[in-house]
Amino acid sequence: MNTTTRAALAVLAGFVVAAAANADPPPVFSDLSYEGAIAAAREQGRLLIVDGTAEWCGPCNQMDATTWVDPRVVEWLGKRAVAVQVDVDAEPDTAQALGINAMPTVIAFRDGAEIDRFVGYRAADDVLEWLNLVSEGRSMLDVLKERAVEAPGRPLREVI
């Protein structure tokens, strides 16, 4: 690839990231406030999924463009959860109260109690696996503990 082609691709990539940063949130996310989403999730007997994000966050924008629009994720959330995005820059008090220190941070709640969270980019398959886990009231820590019990004496790197 020559220098001109590389430069053109870099400019194009910049436009894609900028466009994603200025785009509306994926439709899977409600336009409810965080407090409104808590109430709606309780009233509907659903999970509350909170995506801590920021406009400038590359992994957040990547999840918006891929994971959060994946038809399987959209269907899963539509049937079982109320999902909202919390922009850490626009809602710093909410972000601080939720302990969002890095983005993306995705948190699952049931009846106001946190079940689990993950930090960083996740593809649709990984998010679906996690959503199924939290819908059962289990966390990744629960899974790791189960694996450790099933594999006594094995090195931790093999258990994880």
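(A) Structural view of the nonpolar core. Of all hydrophobic cores here, the largest spans 21 residues; its most connected members are L47, I49, W68, W76, L77, W130 and L131. Looking at this core, the elements that each hand over two or more residues are β1 (47-53), α4 (71-80), β2 (81-87), β3 (105-110), β4 (113-119) and α6 (124-135). Here the element with the most residues in this core is α6; it accounts for 6 residues. Ignoring anything within four residues of it in the chain, the contact list for W130 reads I49, V106, I107, A108, D116, R117, F118 and M140. Counting 19 residues, the second largest nonpolar core, distinct from the first, contains A40, A54, V82 and V86.

(B) Layout of the packing of aromatic side chains. Under the defined criterion, the tally for this structure stands at 2 aromatic pairs. Measuring from centroid to centroid gives 5.1 Å for F29 and W68, while their planes differ by 70°, and the two rings are edge-to-face. With F29 in the loop between α1 (3-22) and α2 (34-44) and W68 in the loop between α3 (58-65) and α4, this residue pair connects regions lying 39 residues apart in the sequence. A single burial state applies to F29 and to W68, both of which are buried. Centre to centre, the rings of F118 and W130 are 4.9 Å apart; their planes meet at 90°, and the pair counts as edge-to-face. Remark: W130 occurs in helix α6 and F118 occurs in strand β4; sequence separation between them is 12 residues.

(C) Summary view of the sheet that holds β2. Across the sheet, 4 strands lie side by side as β2-β1-β3-β4; this open sheet has mixed pairing. Either end of the sheet is taken by a strand with one partner, and the two such strands are β2 and β4. When strand polarity is set aside, the average angle formed by the axes of neighbouring strands in this sheet is 20°. As paired strands, β1 and β3 are joined by 5 bridges and run antiparallel to one another. Bridge pairing in β3 links V50 to I107.

What counts, and at which threshold
Residues numbered from 1 in each chain as written. Predicted model: local features only at pLDDT ≥ 70, side-chain atom pairs only at ≥ 80, totals over all residues. Heavy atoms only, no water. Core = buried A, V, L, I, M, F, W, Y, C linked by side-chain atoms within 4.5 Å. Buried < 20%, exposed > 50% of the residue type's maximum accessible area, 1.4 Å probe, protein only. Helix = DSSP H or I, 4+ residues; strand = E, 2+ residues; numbered from the N terminus. Contact = heavy atoms within 4.5 Å. Phe/Tyr/Trp six-rings, centres within 6.5 Å; stacked < 30°, edge-to-face > 60°. Pairing = 2+ DSSP bridges. Axes fitted to C-alpha atoms, helices over the stretch in contact; angles between N-to-C directions.

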